[in-house]
Amino acid sequence: MSKRSATEVNATSEGHGEPRKTPRGESKQREHVADDEMGEFEDAWEDELESDEEVVDSEAQKGEDGMDVDDEVMPPIEESEEQPPEPNVFIPGVHHLEKDEILEPDDAVYVMRHNMSVNWPCLSFDILRDNLGDQRQRFPATAYIVAGTQANVAKNNEISVYKMSSLQKTQKENDSDDEDEDDDDALDEDPLLEHRSVPHLGGVNRIRAQPLPASSPLPPVSQPYYVASWAETGKVHIWDVRPLIEALDVPGYTIDKSRTHTPAFTINSHGRAEGFAMDWASSGEANPSALRLLTGDIHSKIYLTTTTPSGFNALSQPFTSHTSSVEDLQWSPVEPTVFASCSADQSVQIWDVRAKGRQSVAGIDHAHESDVNVISWNRSTTYLLLSGGDEGGIKVWDLRNVRKRGATGPNPTPVAGFNWHRAPITSIEWHPTEDSIFAASGADDQVTLWDLAVEQDDEETGAMDATPEGGRDVPPQLLFVHQGQKDVKEIHWHPQIPGTVISTALDGFNVFKTISV
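Procedures and definitions
Residues numbered from 1 in each chain as written. Predicted model: local features only at pLDDT ≥ 70, side-chain atom pairs only at ≥ 80, totals over all residues. Heavy atoms only, no water. Buried < 20%, exposed > 50% of the residue type's maximum accessible area, 1.4 Å probe, protein only. Helix = DSSP H or I, 4+ residues; strand = E, 2+ residues; numbered from the N terminus. Contact = heavy atoms within 4.5 Å. 1 Å grid on protein atoms, 1.4 Å probe; cavity = no way out; pocket = protein on both sides within 12 Å on 5 of 7 lines; lining within 4 Å. Points joined across faces, edges and corners; volume = space filled by probe spheres on them. Nonpolar A, V, L, I, M, F, W, Y, C, P; charged D, E, K, R; others polar. Phe/Tyr/Trp six-rings, centres within 6.5 Å; stacked < 30°, edge-to-face > 60°. Salt bridge = Lys/Arg side-chain N within 4 Å of Asp/Glu carboxyl O.

K.L.:
Would you take a moment to explain helix 3 (residues 242-249) for this structure?
P.N.:
Think of an α-helix as turning once every 3.6 residues; residues three or four places apart then point the same way. The element helix 3 is largely enclosed, with a buried count of seven among its eight residues. Among the residues of helix 3, Arg-242, Pro-243, Leu-244, Ile-245, Glu-246, Ala-247 and Leu-248 are the ones counted as buried. The inward-facing, buried residues of helix 3 contact strand 6 (122-128), strand 7 (141-149), strand 8 (158-167), strand 9 (192-199), strand 12 (236-240) and helix 4 (257-260).

Pasting the structure below:
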């Protein structure tokens, strides 16, 4: 992969994209004059009376040519060019908010930034494909997502399809005034959030939409678009959400509740054991309807469900190499029978569904110091795997170095590792097209963007050469830190809007695009 000098991203690395730290009560104050202390008005057009002596002195000061001659030349009055102080950049782990301080986002580093509030917090969501085209750059933007709620009572939970529209470009104070006034990008409208929901018994631990081939259109409304939900009841439900999307796009469309409000299939293989790990795969353009769904539970078991011409088929024999809760699953992007898993047993395992005994074929036994919470398989450089641990560490693994089961030798070491986050990693994902860029979120309320292609250039001087106040080094690969959400649970790149990230947290959704990616 290509290498980029750290100075190329100096502008973003120096500010880190964090919100600025501003005292809560700080504002510009105006001086007011009380009514009973009203000053004297001065009439600028009032005639001034001069004495005879004043007139004579004035005439005497004129030169022979009739011009006034000043005895003292007063310096011109210059307007103050003093600039207001720059806002402080808040670096997590180095700076701390005082009692009366709040974080204020710096919109200069965002191309787009929106906050979305919903009725119930969503622990998990996924991005739905749409028919609006790939590589979209124009604004306002539109995005579709599916999410599952964490309501106060089990019967109040829902599966919701959200349509986020009128996502405008961030307005900056220094925007050029000579831009085309008719440009749609310059419209100043509030974003619109619409949704259609179906009831779901129990909170939704994780939700994933079936993969669709790149650049393929959304299936017609007569065909299903499946979404799987991991319920806290121990069941995995598969839903058809295609009519819900149609209802958001076509006014007056009537939803067939017999199709949407009842799961198309329910996986009961896990019994009463709930879980969080889940991932879809398809056979691609050759046979997009041939789907494979992996689900892993807290009792260390992984089950495979496949599709047949007559519907779904849940295989009864589990994969059983883990010794603790299975936290995440990822299908190989190139080998249809291979997948990876991570677990609270601190390991990352590689599996082949063709292997006898349903045991892993390779693995990293002590990938992290504690639970391995999340993994992500690189879609472009297919031997790279990301992992995020409960200790806050992020590691990059070269799967070509992973030891096969039964082989002797030392455990592989990561090709890169980062300890920026100060709390468990809750989500991690490679960029869909840039093989060196990834995003991560942590329980420390940070969403971070990284680029492995950035290298520190010791011959160049820049902001990253010095350790910030507080003694914490900022990795040159850290492009951006997004803050402002509480208890961030999951993040995803939008595959059709380059550089756009959507995150879910206790206080709702954020949709943003930075100047860094």
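Still more ground to cover, so stick around.
K.L.:
I tried to follow empty space enclosed by the protein on my own but got confused; where do I start?
P.N.:
To find leftover empty space, one rolls a probe the size of a water molecule over the atoms. According to the stated counting rule, one finds two cavities of 30 Å³ or more in the structure shown. Of the pockets and cavities examined, the largest cavity occupies roughly 50 Å³. As for the largest cavity, its lining consists of Gln-135, His-431, Pro-432, Thr-433, His-494, Pro-495, Gln-496, Ile-497, Pro-498 and Gly-499. Of the residues in the lining of the largest cavity, the class split is four nonpolar, six polar and no charged.

K.L.:
Looking at this structure, I do not really get the packing of aromatic side chains. What am I missing?
P.N.:
Centre-to-centre distance and the angle between the planes together describe a pair of aromatic rings. Counted under the stated rule, the structure contains 13 aromatic pairs. With 5.3 Å between their ring centres and 80° between their planes, Phe-319 and Phe-339 make a pair best called edge-to-face. Pair noted here: Phe-319 is in the loop between strand 17 (311-314) and strand 18 (326-331) and Phe-339 is in strand 19 (residues 338-343), with a separation of 20 residues, a long-range link. Given the relative accessible area of 1%, Phe-319 is considered buried.

K.L.:
How do you make sense of unusual backbone geometry when you look at a structure like this?
P.N.:
Most peptide bonds take the trans form, and the phi angle of most residues other than glycine is negative. Residues Phe-139 and Pro-140 are joined by a peptide bond in cis, for which omega reads 5°. Tracing the chain through its elements places Pro-140 in the loop between strand 6 and strand 7. The backbone of Asp-445 sits at a positive phi, close to 65°, despite the residue not being glycine. Mapped onto the fold, Asp-445 is located in the loop between strand 28 (437-442) and strand 29 (447-451). In this structure, Asp-487 is a non-glycine residue whose phi angle is positive, near 60°.

K.L.:
Would you take a moment to explain the pattern of salt bridges for this structure?
P.N.:
A side chain of one charge can pair with a side chain of the opposite charge if their charged atoms are brought near each other. With the rule as written, the count across this model stands at 14 salt bridges. Of the charged contacts, one joins Asp-398 and Arg-400 as a salt bridge, the two residues approaching to 2.8 Å between their closest N and O atoms. Residue Asp-398 is classed as buried on the basis of its relative accessible area of 10%. Taking the relative accessible area as the measure of exposure, Arg-400 reaches 58% and is therefore exposed. In this structure, a network of salt bridges that share partners links the residues Arg-206, Arg-208, Asp-328 and Glu-490.

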